[in-house]
Amino acid sequence: MQYRTFGKLDWQPSALGFGAMRLPTIGDDPAQIDEPVATRMIRYATDQGVNYVDTAYPYHHQAGEPCVGRALQDGYRERVKLATKMPVWLVEKAEDFDRYLNEQLERLQTEQIDFYLLHALNGDRWPEVRDLGVLRWAEGAIADGRI
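A brief report on the enclosed structure follows.

**Focus on the pairing of strand β3 (residues 81-87)**
Moving on, step 1. In terms of burial, β3 is a largely internal element, six of the seven residues being buried.
Moving on, step 2. The sheet contact formed by strand β2 (residues 52-54) and β3 spans three bridges and is parallel. Opposite Asp54, over in β3, you have Ala83 as the bridge partner.
Moving on, step 3. Pairing geometry for β3 and strand β4 (residues 115-119), over five bridges, is parallel. Pairing of Ala83 across the sheet is with Phe115, part of β4.
Moving on, step 4. As for the winding sense of the linkage, the β-α-β connection from β3 through helix α4 (residues 95-108) to β4 is right-handed.

**What to know about the packing of aromatic side chains**
Moving on, step 1. The final tally for this structure, using the stated rule, is seven aromatic pairs.
Moving on, step 2. Relative to Trp11, the ring of Phe6 lies with its centre 5.9 Å away and its plane at 65°, an arrangement referred to as edge-to-face.
Moving on, step 3. According to the relative accessible area criterion, Phe6 is partly exposed, its value standing at 38%.
Moving on, step 4. Following the ring pairs from residue to residue traces out a cluster consisting of Phe6, Trp11, Tyr52 and Phe115.
Moving on, step 5. In this structure, Arg99 is placed above the aromatic ring of Tyr100, and the distance from its NZ or CZ to the ring centre is 4.3 Å.
Moving on, step 6. Sitting over the face of the ring of Tyr57, Arg107 holds its NZ or CZ atom 4.1 Å from the ring centroid.

**Let's talk about the nonpolar core**
Moving on, step 1. Counting residues in each nonpolar core, the largest one holds 33 residues, and the members touching the most others are Phe18, Val68, Met86, Leu101, Tyr116 and Trp137.
Moving on, step 2. Within the residue set of this core, elements represented by two or more residues are α1 (35-47), α3 (64-71), β3, α4 and α6 (134-143).
Moving on, step 3. If one sorts the elements of this core by residue count, α4 sits on top with five residues.
Moving on, step 4. With residues up to four places along the chain from it excluded, the contact list for Phe18 reads Leu23, Met41, Ile42, Ala45, Val50, Tyr52, Val53 and Asp54.

**A few points about α4**
Moving on, step 1. Compared with an ideal rise of 1.5 Å per residue, which puts 14 residues at 20 Å, α4 spans 20 Å between its outermost C-alpha atoms and is within 8% of the ideal.
Moving on, step 2. For α4, the complete set of buried residues consists of Asp96, Phe97, Tyr100, Leu101, Gln104, Leu105, Arg107 and Leu108. Angular distribution of buried residues about the axis of α4 spans 165°; they occupy a single face of the element. Counted as exposed and oriented over 90 degrees from the buried face of α4: Glu95 and Glu106.
Moving on, step 3. The inward-facing, buried residues of α4 abut α2 (59-62), α3, β3, β4, α5 (125-131) and α6.
Moving on, step 4. Two residues or fewer after α4 comes Gln109, characterised by a positive phi angle close to 55°.

**Description of unusual backbone geometry**
Moving on, step 1. For His60, which is not glycine, the phi dihedral falls at a positive 55°.
Moving on, step 2. For His60, the location among the structural elements is in helix α2.
Moving on, step 3. On the accessibility criterion, His60 (7% relative accessible area) is buried.

**Looking at the pattern of salt bridges**
Moving on, step 1. Taken as a whole and judged by the stated rule, the model has twelve salt bridges.
Moving on, step 2. Between Glu103 and Arg107 there is a salt bridge, and its shortest N-O distance comes to 3.1 Å. Here Glu103 and its partner Arg107 are both found in helix α4, four residues apart, which amounts to about one turn of the helix.
Moving on, step 3. Looking at Arg107, the relative accessible area reads 12%, which means it is buried.
Moving on, step 4. Each of the salt bridges in this network shares a partner with another, and the network as a whole consists of Glu65, Glu103 and Arg107.

Procedures and definitions
- Residues numbered from 1 in each chain as written.
- Predicted model: local features only at pLDDT ≥ 70, side-chain atom pairs only at ≥ 80, totals over all residues.
- Heavy atoms only, no water.
- Buried < 20%, exposed > 50% of the residue type's maximum accessible area, 1.4 Å probe, protein only.
- Helix = DSSP H or I, 4+ residues; strand = E, 2+ residues; numbered from the N terminus.
- Pairing = 2+ DSSP bridges.
- Right-handed = clockwise from strand over helix to strand, strands pointing away.
- Phe/Tyr/Trp six-rings, centres within 6.5 Å; stacked < 30°, edge-to-face > 60°.
- Lys NZ or Arg CZ within 6 Å of the ring centre and 35° of its normal.
- Core = buried A, V, L, I, M, F, W, Y, C linked by side-chain atoms within 4.5 Å.
- Contact = heavy atoms within 4.5 Å.
- Expected span 1.5 Å × (residues − 1).
- Arc of directions from axis to C-beta.
- Salt bridge = Lys/Arg side-chain N within 4 Å of Asp/Glu carboxyl O.

Below, the structure written as structure tokens:
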């Protein structure tokens, strides 16, 4: 596996990451993830040196994060940096920042998200989450170790 530098971080990401947006499914229902196959895929990628796994709150009708969390058990979570995304289109009040992050930590069966992105952020949503204090909130979540 080839690795890259990543800014000033003391970590080198693999040139390839594992994106969990389109995991294998059973039939045509995206919520019915073929979990044994998906787990084998994620673990195989990790065993080959992939060290970055990306998922998000809405993937697979909200079944993606729990599947990824289970796939990263048995020592695999410690071998990767994990990214997921705040569903900013669902945020209505400042308390939602904590609510969604805590729910995602539980779904992913981890105590910390390594990269937490603002999903589907655009010119309309940015002023809303900015005014709710998303940057101050994120700094607090970093300080308390959840991010």
